[in-house]
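# Residue-level structural notes
The primary structure of each chain is shown beneath.
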Amino acid sequence: MIKLYPSTSHIWGKTGGCTANPMMTAILAKQEPGDDAKDGLAAHELAYKINCEQARSPMFKPTRESVVGTMTSVGVMITDEMYDAVEVFTNDVQNHMVSSRVFGGDHLGFETSLPIHSISKFCNGKIDAYLYDHVKNQLIIWDYKHGKTPVEAFEFAQGIIYANGLIDKFKINGLLDQKTVVIIKIIQPNAYKKESAIDEWRIRASDLRGYFNIFRHNAHKAIHSPTTTTGSHCKRCPARHTCEAALKAGMEYYEVSTQPTPLNMSDEDLALQYSIVSRGVEMLKALQSGYQEQIEIKLRQGKSIPGYGLEPSFSRLKWSKPYHEIKKLGEFLKKKLTKDALITPNQAIDLGLDEEVVKQYSSKTKTGVKLVKQDTSNARRIFTQCST
């Protein structure tokens, strides 16, 4: 059965997206999550535990000592680093619970299953955390990202889909949505090159109607007339090894990459060629991983692929005993196996320290310059951002 997951709505739901993604994903055998995915699941499990306990009372919040070194249900041990990362998320949730005086009931939820049937009857998700403050007319949506790839809150597809489901859940009608502010927060303490671990986008609920219409239209296409569209999403699409469009695009970009580099181009042509090559690199990576998965599948089936074979791979070495046992081992051997470390300045700000105070004790070092693609979404961001 085809399912429209909010977590992949940036692929199937946006204008120009690949509406065939849900169909292709549905026919694939479910694969065992990798180490990074298991770490993410473990972090979410810890966050759920902390959020639920501190909603009862801050005094019930699990301490670092009580959880670090324990094993989660996915077989991953909780580390100090994981606790630090998750605490950025749970502290932000706690701050909003206190300021809104919402500590339970239907207006607060953690790891909550959410039907988004006004998008499609096939659209269901699980939201990390939400809080609806009907007094302040605020709907806050949290999405915790444990990985290292930065994700932006502005026009975050998954958050917009969740907003639709929650607006339906709380029966926020066409009059109330004009004074309700939706706050989409992405918590990503491990992301590379992020100024802050918390990124947020504020928008009036009524201004999300156009986004909902686009998702609804593409959800209908995904079920009834799906089409494949290549793009940067191909790199992480689980169906890329069976997608004719992705494999064909990869070959076309390969042919472009073998052409001689023209000299003395105009500035416009230079920018265009650079964009084509950059897109080509992404598509070639998708092509490479697509072929790799096909080879691995055939080898697991016992077939012979000339020049290739399978060998076991292992995760990085991790402690398999609880924290207190490892600590005692170090004390017995007179070796310090635990460490004390400062959190980063940005993490201190996220914990509530005044930014101006932090700046007096920290600094930035210029590391060079880099080429970036200019963001043409600034105008949309300015006109949709809600300050209330």
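Reference entry: report on the structure contained in this document.

Criteria and cut-off values
Residues numbered from 1 in each chain as written. Predicted model: local features only at pLDDT ≥ 70, side-chain atom pairs only at ≥ 80, totals over all residues. Heavy atoms only, no water. Helix = DSSP H or I, 4+ residues; strand = E, 2+ residues; numbered from the N terminus. Buried < 20%, exposed > 50% of the residue type's maximum accessible area, 1.4 Å probe, protein only. Contact = heavy atoms within 4.5 Å. Areas by Shrake-Rupley, 256 points an atom, 1.4 Å probe, with all protein chains shown as cover. Salt bridge = Lys/Arg side-chain N within 4 Å of Asp/Glu carboxyl O. Expected span 1.5 Å × (residues − 1). Axes fitted to C-alpha atoms, helices over the stretch in contact; angles between N-to-C directions. Parallel < 35°, antiparallel > 145°, perpendicular 65-115°, else oblique. Nonpolar A, V, L, I, M, F, W, Y, C, P; charged D, E, K, R; others polar. Core = buried A, V, L, I, M, F, W, Y, C linked by side-chain atoms within 4.5 Å. Patch = residues over 30% accessible without salt bridge, like charges linked within 9 Å, V, L, I, M, F, W, Y side chains within 5 Å.

### What to know about the overall build of the protein
Helix and strand counts for the protein come out as 13 helices and five strands. Put simply, the protein has 388 residues, and 38% of those count as buried. Here the analysis covers contacts within the protein between residues at least 6 apart in sequence; of these, 68% occur between residues at least 24 apart. Surface exposure of the protein reaches about 23,700 Å², of which carbon and sulfur atoms provide 55%.

### So, unusual backbone geometry
Of all residues except glycine, most have a negative phi; of all peptide bonds, most are trans. A positive phi angle, close to 60 degrees, is found at Arg101, a residue other than glycine. Relative to the elements of secondary structure, Arg101 occurs in the loop between helix 5 (80–100) and strand 1 (108–115). Notably, Glu111 is not glycine yet its phi reads approximately 50 degrees, a positive angle. Checked against the element boundaries, Glu111 lands in strand 1.

### Let's talk about the pattern of salt bridges
As enumerated under the stated definition, the model contains 13 salt bridges in all. The closest approach of N and O atoms between Glu53 and Arg56, which form a salt bridge, is 2.6 Å. In this pair, Glu53 and Arg56 both sit in helix 3 (residues 35–56), three residues apart, roughly one turn of the helix. Judged by relative accessible area, which is 23%, Glu53 ranks as partly exposed. The salt bridge involving Arg64 is made with Asp80; its shortest N-O contact spans 3.1 Å. With Arg64 in helix 4 (residues 64–67) and Asp80 in helix 5, the pair connects residues that are 16 residues apart, well separated along the chain. According to the relative accessible area criterion, Arg64 is partly exposed, its value standing at 25%. Because the salt bridges share partners, they merge into one network encompassing Asp92, Lys185, Glu200 and Arg202.

### Examining the environment of Ile183
Within the element layout of this structure, Ile183 appears in strand 4 (residues 181–187). Along the chain, Ile183 and Glu200 lie 17 residues apart, while their C-alpha atoms are 6.6 Å from each other. Those residues in contact with Ile183 that lie beyond four places of it in its chain are Gln138, Leu139, Ile140, Ile141, Glu200, Trp201 and Arg202.

### Some words on helix 9 (residues 267–300)
The end-to-end C-alpha distance of helix 9, which contains 34 residues, comes to 50 Å, matching closely the 50 Å that a straight helix rising 1.5 Å per residue would cover. Turning to helix 9, its buried residues are Gly280, Met283, Ala286, Leu287, Ser289, Gly290, Glu293 and Leu299. Gly302 occupies a position one or two residues after helix 9 and carries a positive phi of about 90 degrees.

### Here we look at the packing of helix 6 (residues 157–169) against helix 7 (residues 209–224)
Taken N-terminus to C-terminus, the directions of helix 6 and helix 7 make an angle of 100 degrees; their axes are 10 Å apart at the nearest point. As far as their axial angle goes, helix 7 and helix 6 are roughly perpendicular. Along the contact surface, helix 6 presents Ala157, Ile160, Ile161, Ala163, Asn164 and Ile167, while helix 7 presents Tyr211, Phe212, Phe215 and Arg216. Across the contact of helix 6 with helix 7, the residue classes break down as eight nonpolar, one polar and one charged.

### Brief notes about the nonpolar core
One recurring pattern in soluble globular proteins: nonpolar side chains tend to sit buried together. Membership of the largest hydrophobic core comes to 35 residues, with the highest contact counts inside it found for Ile119, Ile160, Leu166, Val182, Trp201 and Leu208. Listing elements by their share of this core, those giving two or more residues are strand 2 (124–133), strand 3 (138–144), helix 6, strand 4, strand 5 (198–204) and helix 7. No other element matches helix 6, which puts seven residues into this core. Apart from the residues within four sequence positions on either side, Val182 is in contact with Leu139, Ile141, Ala163, Trp201, Arg202, Ile203, Ala205 and Leu208.

### Some details on a nonpolar patch on the surface
Together, Trp319, Leu329, Phe332, Leu333 and Leu337 make up an exposed nonpolar region whose accessible area comes to about 550 Å². Assignment of secondary structure puts Leu337 in the loop between helix 10 (323–332) and helix 11 (345–350). In this structure Leu337 comes out as partly exposed when scored by relative accessible area, which is 37%.

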